[in-house]
Amino acid sequence: MNQAPTPPTLYIEGPAFWTPTLPGWEAARAAFRGEGTLADPPAKRPSPQVLAPAERRRAPDTVALALEVAAAALAGSGRNAADVPCVFTSAHGDLSINDYMCSTLASDPKMLSPTKFHNSVHNAAVGYWTIGTGCMAASNAVSAYEHSFASGLLEAAVQCACDQEPVLLVGYDAPTVGALTSVTDSRGLLALALVIASEPTERTVAALDWSLAGSENNDNATPPHSEAAKSLAEINPMAQALPLFESLAHIDNGNGSAPIDLPLSPTLSLRLQLRPHSRG
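Read on for an overview of the structure. Per chain, residue numbering runs from 1 following the sequence as it is written. The predicted origin of the model limits local features to residues at a pLDDT of at least 70 and limits the giving and counting of side-chain atom pairs to 80 or more, whereas totals for whole chains, interfaces and linings rest on all residues. In computing side-chain values, all of the structure's heavy atoms are included and hydrogens and water are not.

Before going further, it helps to spend a moment on the packing of aromatic side chains. Pairing of aromatic rings covers Phe, Tyr and the six-membered ring of Trp, with a centre-to-centre limit of 6.5 Å; geometry is then stacked below 30 degrees between planes, edge-to-face above 60, and tilted otherwise. Within the structure shown, the criterion is met by four aromatic pairs. Where phenylalanine 17 meets phenylalanine 245, the ring centres are 6.0 Å apart and the plane angle is 55°; that geometry is what we call tilted. Note that phenylalanine 17 is positioned in strand S1 (residues 10-18) and phenylalanine 245 in helix H9 (residues 242-250), a separation of 228 residues in sequence. Summarising the burial analysis for this pair, phenylalanine 17 and phenylalanine 245 share the class buried. On the numbers, 5.8 Å between centres and 75° between planes, the contact of tryptophan 25 with phenylalanine 245 is edge-to-face. In this pair, tryptophan 25 sits in helix H1 (residues 25-32) while phenylalanine 245 sits in helix H9, placing the two residues 220 residues apart along the sequence. Across the pair, exposure class does not vary: tryptophan 25 and phenylalanine 245 are buried alike. Note on conventions: DSSP H or I runs of at least 4 residues are helices, E runs of at least 2 residues are strands, and numbering of each starts at the N terminus. Here the term buried applies to any residue with accessible area under 20% of the maximum for its type, exposed to any over 50%, and partly exposed to those in between, with areas from a 1.4 Å probe on protein chains only.

A large share of strand S4 (residues 167-173) lies buried, amounting to seven of its seven residues. Every second residue of S4 is oriented toward a common face, with Val167, Leu169, Gly171 and Asp173 on one face and Leu168, Val170 and Tyr172 on the other, all of them buried. Relative to S4, strand S2 (residues 86-89) runs parallel, the two being bridged by four bridges. Bridge assignment links valine 87 to a residue of S4, and that residue is leucine 169. If DSSP finds at least two bridges between two strands, the strands pair.

To continue, consider the pattern of salt bridges. By definition here, a salt bridge exists when the distance from a side-chain nitrogen of Lys or Arg to a carboxyl oxygen of Asp or Glu is within 4 Å. Enumeration over the complete set of coordinates arrives at six salt bridges. Two residues, glutamate 35 and arginine 33, come together in a salt bridge whose shortest N-O distance is 3.4 Å. The exposure class assigned to glutamate 35 is exposed, which follows from its relative accessible area of 55%. As a salt-bridge pair, arginine 271 and aspartate 261 come within 2.7 Å of each other at their nearest N and O atoms. Of this pair, arginine 271 sits in strand S8 (residues 268-275) while aspartate 261 sits in strand S7 (residues 260-265), placing them ten residues apart in sequence. With relative accessibility at 36%, the residue arginine 271 sits in the partly exposed group.

Strands pair in a sheet through their backbones, by hydrogen bonds, and they do so in one of two ways: parallel or antiparallel. As summarised here, the arrangement of the eight strands in space is S3-S2-S4-S5-S1-S6-S8-S7, forming an open sheet in which the pairing is mixed. The open sheet terminates on both sides in strands that have one partner only, identified here as strand S3 (139-142) and S7. When strand polarity is set aside, the average angle formed by the axes of neighbouring strands in this sheet is 30°. Taken together, the four bridges between S1 and strand S6 (residues 204-214) define a ladder with antiparallel strand orientation. Counterpart to isoleucine 12 in the pairing with S6 is alanine 206. Any two residues whose heavy atoms approach within 4.5 Å at even a single point are treated as in contact. For helices, the fitted line uses only the C-alpha atoms of the stretch in contact; every axis is such a line through C-alpha atoms, and the angle between N-to-C directions lies from 0 to 180 degrees. Against the sheet, H9 makes contact with S1, strand S5 (190-197), S6, S7 and S8, and its axis sits at roughly 105° relative to S1, the strand it touches most.

Time to look at the packing of helix H3 (residues 61-77) against helix H6 (residues 124-133). As a packed pair, H3 and H6 sit with axes 9 Å apart at the nearest point and diverge in direction by 50°. As far as their axial angle goes, H6 and H3 are oblique. Viewed along their axes, H3 and H6 form a crossing whose handedness is right-handed. Note on element contacts: H6 touches H3 through Ala124, Ala125, Tyr128 and Trp129, opposite Val63, Ala66, Leu67, Ala70, Ala71 and Leu74. Of the residues assigned to the contact of H3 with H6, the class counts are ten nonpolar, no polar and no charged. An angle below 35 degrees is treated as roughly parallel, one above 145 as roughly antiparallel, one from 65 to 115 as roughly perpendicular, and anything else as oblique. Should the near helix be turned anticlockwise from the far one by less than a right angle, the crossing is termed left-handed; should it be turned clockwise, right-handed. Asp, Glu, Lys and Arg are counted as charged, while Ala, Val, Leu, Ile, Met, Phe, Trp, Tyr, Cys and Pro are counted as nonpolar; the rest, among them Gly, fall into the polar class.

Before going further, it helps to examine the nonpolar core. For the purposes of this section, nonpolar cores are sets of buried Ala, Val, Leu, Ile, Met, Phe, Trp, Tyr and Cys residues that join through side-chain atoms within 4.5 Å. Counting 45 residues, the largest nonpolar core has Phe17, Phe32, Phe149 and Phe245 as the members making the most contacts within it. Top element by residues in this core is helix H7 (residues 148-163). It accounts for seven residues. Ignoring anything within four residues of it in the chain, the contact list for phenylalanine 32 reads Phe17, Leu22, Trp25, Ser226, Ala228, Ala229, Leu242, Phe245, Glu246, Ala249 and His250. Ranked by size, the runner-up nonpolar core spans 28 residues in total, among them Leu168, Tyr172, Leu189 and Ala193.

So this is what it looks like as structure tokens:
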């Protein structure tokens, strides 16, 4: 049997991060390195400037978070948002809006808000992004429950490797309310983003080697290590990305990361290894 080819090395640009206690990548990077503390009081939700004022006011938290980190990642990469394909990933989209819709439909269907309905679809955030930036490149919305970040990263990596063009990856989730808390126990706001490219540039922050790893019982997800990351570990499904972003925070010390395993299913993981990229 022929051995499967090794996936090509990819390159990470523009890491972006937002949660109320670490509102921005610089704050998160410092905290993950043990050089900063959590914001107190926590920051209010961001107001993404990519949207017109009226759209900013009506956008739900999920959209505000996703667009905030998406814009930050594109700014860090130095690329034009209108030209970059994107993958947005979320465990279930906006479950608080879906809880509202289910409750309203059960109690008084005529009172259902058209705006709430508009924002209930899983691709609402990526729709706002492509409209706000004028992006006509391919866009995908991915959902895979607690494995959504790993699934979104795999989607973005495969697309980047096949098409040989950069891809924006955005992950986001918000708190759940009502009966749907039994589906996903999400208790906070967390969003993150990065750009994956097939070739290094002056904006590259790390080289990324990636592969699939199988096991009979896949319960060996890489845990977070810093106290700051541990405080976010149970906040919502996007916390799956914390080990990768911790490694990105340390990559400029000249050392590569230990292997990072992000489960995709009970028997399959996405295995990552970060390496410093020399600008030579």
